[in-house]
Amino acid sequence: MAKSTLRKVTMAVLAPATAIGATVGLASAPASAAVWNSCAQYGSTSLNGYTLYNNIWGSGAGSQCIWANSGTNWGVWADHPNTGGIKSYPNATKTINKSVTSLGSLSSSYNVSVPSSGAYETAYDIWDTNHRYEIMLWMNKTGAVGPLGSSQGNVTLGGHSWTVYKGTNGSNDVFSFVRSSNSASGTVDILPILKWIKDTKGWFGNVTIGDVQFGFEITSSSGGLNFIVNSESVSSS
């Protein structure tokens, strides 16, 4: 179900222009004034080492606005119709640019507040520099959403238990790790997951990890819902 990062960030306009200029969402931002906000379809900014993307890329999308107090404390208000298909993936991106074998560590912490309705998942989206491989880590999910591909069984890695799915979207291979139960906060050790894909399964070689993205892949949020990253961090060595 995931698309390549090129489509997520740079593809020509797919969503209607109603996503642009929908200022109603800004009223849902925290009371403290955000240092940045945007209702533009592909609005983006860089804050303290992270790049934030509003990233409304899917067909039939509605309105969405993003705000940020920092690169690690941000959120979106989104009103996307319940018509099926992913509408957006607002996210914060950290650039890594190291091969799997040259990484000494790669981990992340997360703390989110998400709605009890709608259809979405809170997910990491990890890419190699050639955008040939996409690794998704689903930390929680709600509603009618599911990963691309077929189940490869269960595994415990990086401090979590997952069901693993393997598939392709026609542009790149997608490996999705869906957590066995929903989690709104915690830490995930990403490097053992990458090594398991490389060394245990042989699904890719010593690829260079380009970006680690974290955000919300939203299919529907009819009526307007808030998705908040209270805090997050991505660290590597």
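Quick caveat: nothing in here was measured; it's all calculated off a predicted structure. (Residues numbered from 1 in each chain as written. Predicted model: local features only at pLDDT ≥ 70, side-chain atom pairs only at ≥ 80, totals over all residues. Heavy atoms only, no water.)

S.K.: An account of the overall build of the protein is requested, with residue identities and associated values reported.
M.R.: From N to C terminus, the protein includes two helices and 15 strands. Across the 237 residues of the protein, 51% fall into the buried class. Intrachain contacts of the protein at a sequence separation of at least 6 include 68% that bridge at least 24 residues. Accessible surface for the protein amounts to roughly 8,800 Å². Of this, 48% is attributable to carbon and sulfur atoms. (Helix = DSSP H or I, 4+ residues; strand = E, 2+ residues; numbered from the N terminus. Buried < 20%, exposed > 50% of the residue type's maximum accessible area, 1.4 Å probe, protein only. Contact = heavy atoms within 4.5 Å. Areas by Shrake-Rupley, 256 points an atom, 1.4 Å probe, with all protein chains shown as cover.)

S.K.: Tell me about the nonpolar core, and name the residues and values.
M.R.: Counting 48 residues, the largest nonpolar core has Leu137 and Phe177 as the members making the most contacts within it. The element best represented in this core is helix 2 (residues 190-201), accounting for six residues. If we ignore the near neighbours within four places in the chain, the residues touching Leu137 are Thr122, Ala123, Tyr124, Ile126, Trp162, Phe177, Val188, Ile190 and Ile193. (Core = buried A, V, L, I, M, F, W, Y, C linked by side-chain atoms within 4.5 Å.)

S.K.: Explain the sheet that holds strand 15 (residues 225-236) to me, and be specific about the residues and the numbers.
M.R.: Read from one edge to the other, the open sheet built from six strands follows the order 1-4-5-15-7-13, with strand pairing classed as antiparallel. The sheet terminates laterally at strand 1 (36-38) and strand 13 (185-189), the two strands that pair on one side only. Along the sheet, successive strands turn relative to each other by an average axial angle of 20 degrees, direction set aside. Here strand 7 (residues 106-113) pairs with strand 15 via eight bridges, running antiparallel. (Pairing = 2+ DSSP bridges. Axes fitted to C-alpha atoms, helices over the stretch in contact; angles between N-to-C directions.)

S.K.: I'd like a rundown of the sheet that holds strand 6 (residues 91-99), residues and numbers included.
M.R.: An order of 2-3-6-14-8-9-12-11-10 is seen for the nine strands of this open sheet, with the pairing classed as mixed. The open sheet is flanked by strand 2 (44-47) and strand 10 (150-157), the only strands paired with a single partner. Taken pair by pair, the neighbouring strands of this sheet meet at an average axis angle of 25 degrees, ignoring direction. Relative to strand 14 (residues 208-220), strand 8 (residues 119-128) runs antiparallel, the two sharing 10 bridges. Bridge pairing links Tyr120 to Ile218 in strand 14.

S.K.: Can you explain the environment of Thr219? Please cite residues and give values.
M.R.: With respect to the helices and strands, Thr219 occurs in strand 14. Among the residues examined, Thr219 registers a relative accessible area of 6% and is labelled buried. C-alpha of Thr219 to C-alpha of Ala61: the two residues are 158 residues apart in sequence and 8.8 Å apart in space. Look past the residues within four positions of Thr219 in its chain and what remains in contact with it is His80, Pro81, Gly84, Gly85, Ile86, Lys87, Ala119, Tyr120 and Val145.

S.K.: Any chance you could break down the packing of aromatic side chains for me, citing the residues and the numbers?
M.R.: Taken as a whole and judged by the stated rule, the model has 13 aromatic pairs. Considering the side-chain rings of Phe175 and Trp203, the 5.1 Å spacing of their centres and the 25 degrees angle between planes classify their relative orientation as stacked. Highlighted residues: Phe175 in strand 12 (residues 173-179) and Trp203 in the loop between helix 2 and strand 14, separated in sequence by 28 residues. Residue Phe175 shares its accessibility class with Trp203, and that shared class is buried. Taken together, the ring pairs in this structure connect Tyr133, Trp162, Phe175, Phe177, Trp196, Trp203 and Phe204 into an aromatic cluster. A cation over a ring is seen here: Lys94 above Tyr50, with NZ or CZ 4.7 Å from the ring centre. (Phe/Tyr/Trp six-rings, centres within 6.5 Å; stacked < 30°, edge-to-face > 60°. Lys NZ or Arg CZ within 6 Å of the ring centre and 35° of its normal.)

S.K.: Would you mind going over the pattern of salt bridges in detail, with residue names and values included?
M.R.: Within the structure shown, the criterion is met by two salt bridges. Close ionic contact of Arg132 with Asp173 constitutes a salt bridge, the shortest N to O distance being 3.1 Å. Here the residue Arg132 occupies a position in the loop between strand 8 and strand 9 (133-142), and Asp173 occupies one in strand 12, the gap between them amounting to 41 residues. With a closest N to O distance of 2.8 Å, Asp199 and Lys198 form a salt bridge. (Salt bridge = Lys/Arg side-chain N within 4 Å of Asp/Glu carboxyl O.)

S.K.: Tell me about the side chain of Ser88, residues and numbers included.
M.R.: Along the chain, Ser88 turns up in the loop between strand 5 (73-79) and strand 6. On the accessibility criterion, Ser88 (0% relative accessible area) is buried. Polar side-chain contacts of Ser88 include one of 2.7 Å to the side chain of Gln64. Dropping the residues within four chain positions of it, Ser88 is found in contact with Asn55, Ile56, Trp57, Gln64, His80, Phe216, Glu217 and Ile218. (Polar contact = N/O pair within 3.5 Å; in protein donor to acceptor, adjacent residues only side chain to side chain.)

S.K.: Explain the environment of Thr101 to me, and be specific about the residues and the numbers.
M.R.: In this fold, Thr101 is placed in the loop between strand 6 and strand 7. Judged by its relative accessible area of 53%, Thr101 is exposed. Along the primary structure Thr101 and Leu191 are separated by 90 residues, whereas in three dimensions their C-alpha atoms are 9.6 Å apart. The contact partners of Thr101, leaving out residues within four places of it in the chain, are Lys198 and Asn206.

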